[in-house]
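Chain and residue survey
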Amino acid sequence: MADHAHIEIIGFSYGECSPFPCNEERSCGLKKCYLSGKLVDATEALKEALLEEYGGKVDVTLTLLDKGVPDYVQQIVEEHQPPIPIVLVNGKLTPVGRVSLPQIKKEIDSALGQAI
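In what follows, the accompanying structure is described.

Rules behind the numbers
Residues numbered from 1 in each chain as written. Predicted model: local features only at pLDDT ≥ 70, side-chain atom pairs only at ≥ 80, totals over all residues. Heavy atoms only, no water. Core = buried A, V, L, I, M, F, W, Y, C linked by side-chain atoms within 4.5 Å. Buried < 20%, exposed > 50% of the residue type's maximum accessible area, 1.4 Å probe, protein only. Helix = DSSP H or I, 4+ residues; strand = E, 2+ residues; numbered from the N terminus. Contact = heavy atoms within 4.5 Å. Salt bridge = Lys/Arg side-chain N within 4 Å of Asp/Glu carboxyl O. Pairing = 2+ DSSP bridges. Right-handed = clockwise from strand over helix to strand, strands pointing away. Disulfide = S-S within 2.5 Å.

**Describing the nonpolar core**
- Counting residues in each nonpolar core, the largest one holds 24 residues, and the members touching the most others are Ile 7, Ile 9, Leu 46, Leu 50, Ile 104 and Ile 108.
- At the level of elements, β1 (5-11), α1 (39-54), β2 (58-64), β3 (86-89) and α3 (101-112) are the ones that each hand at least two residues to this core.
- Broken down by element, this core gets its largest block of residues, six residues, from α1.
- Among all residues touching Ile 104, those that are not within four sequence positions of it are Ile 7, Ile 9, Leu 46, Leu 50, Val 87, Val 96, Arg 98 and Val 99.
- Membership of the second largest hydrophobic core comes to six residues, among which are Ile 10, Ile 76, Ile 86 and Leu 88.

What follows is the structure, encoded as structure tokens:
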């Protein structure tokens, strides 16, 4: 059980935030990036939502692959072939595969040892 959760979103600057199109229901739970469907916008919206929900217990970084793939990401891709965007929580690959607030919150709560 950790006292902090680090969320890392990995993808391309021109990439989509999900394999699903952005819709009016916003099943991803994010509103500020609605209609853009872009990874960079969705990650910023996720940062804001998680800051509001968890305060300083959670931080979010975006790792862009446009100029190359870091060794640790290459290893993850070789071993697991995850969908992009890749979501890591405290360095651990999650099965999320999209920027989705409800799904990422479940992973955070698990990492922090909170009730889901």
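**Describing the environment of Leu 101**
- Note that Leu 101 resides in helix α3.
- For Leu 101 and Ala 2, which are 99 residues apart along the polypeptide, the C-alpha to C-alpha distance reads 20 Å.
- If we ignore the near neighbours within four places in the chain, the residues touching Leu 101 are Cys 28, Gly 29, Leu 30, Leu 46, Ala 49 and Leu 50.

**Some words on the pattern of salt bridges**
- Applying the stated criterion across every chain, the model contains four salt bridges.
- Residue Glu 48 pairs with Lys 32 through a salt bridge whose shortest N-O separation is 2.9 Å. Remark: Lys 32 occurs in the loop between β1 and α1 and Glu 48 occurs in helix α1; sequence separation between them is 16 residues.
- The exposed category is assigned to Lys 32, whose relative accessible area is 67%.
- With a shortest N-O distance of 3.2 Å, Lys 47 and Glu 44 are connected by a salt bridge. Of this pair, Lys 47 and Glu 44 both sit in helix α1, three residues apart, which is roughly one turn of the helix.
- We classify Lys 47 as partly exposed; its relative accessible area is 29%.

**Notes on the sheet that holds β3**
- With mixed pairing, four strands are arranged side by side in an open sheet as β2-β1-β3-β4. Strands with a single pairing partner mark the edges of an open sheet, and in this sheet they are β2 and β4 (92-93).
- Note: β1 against β2, seven bridges, orientation parallel. Within β2, the residue paired with Ile 10 across the bridge is Thr 63.

**Quick look at the pairing of β1**
- For β1, the buried fraction is high: six of the seven residues fall into the buried class.
- Once you follow β1 into α1 and on to β2, the crossover reads as right-handed.
- Across four bridges, β1 lies against β3 in antiparallel orientation. For Ile 10, the partnering residue across the bridge sits in β3 and is Ile 86.

**Quick notes on the state of the cysteines**
- In this structure the tally under the stated criterion is zero disulfides.
- Left without a disulfide partner, Cys 28 is nearest to the cysteine sulfur of Cys 33, which lies 5.3 Å away.
- By relative accessible area, which is 6% here, Cys 33 ends up buried.

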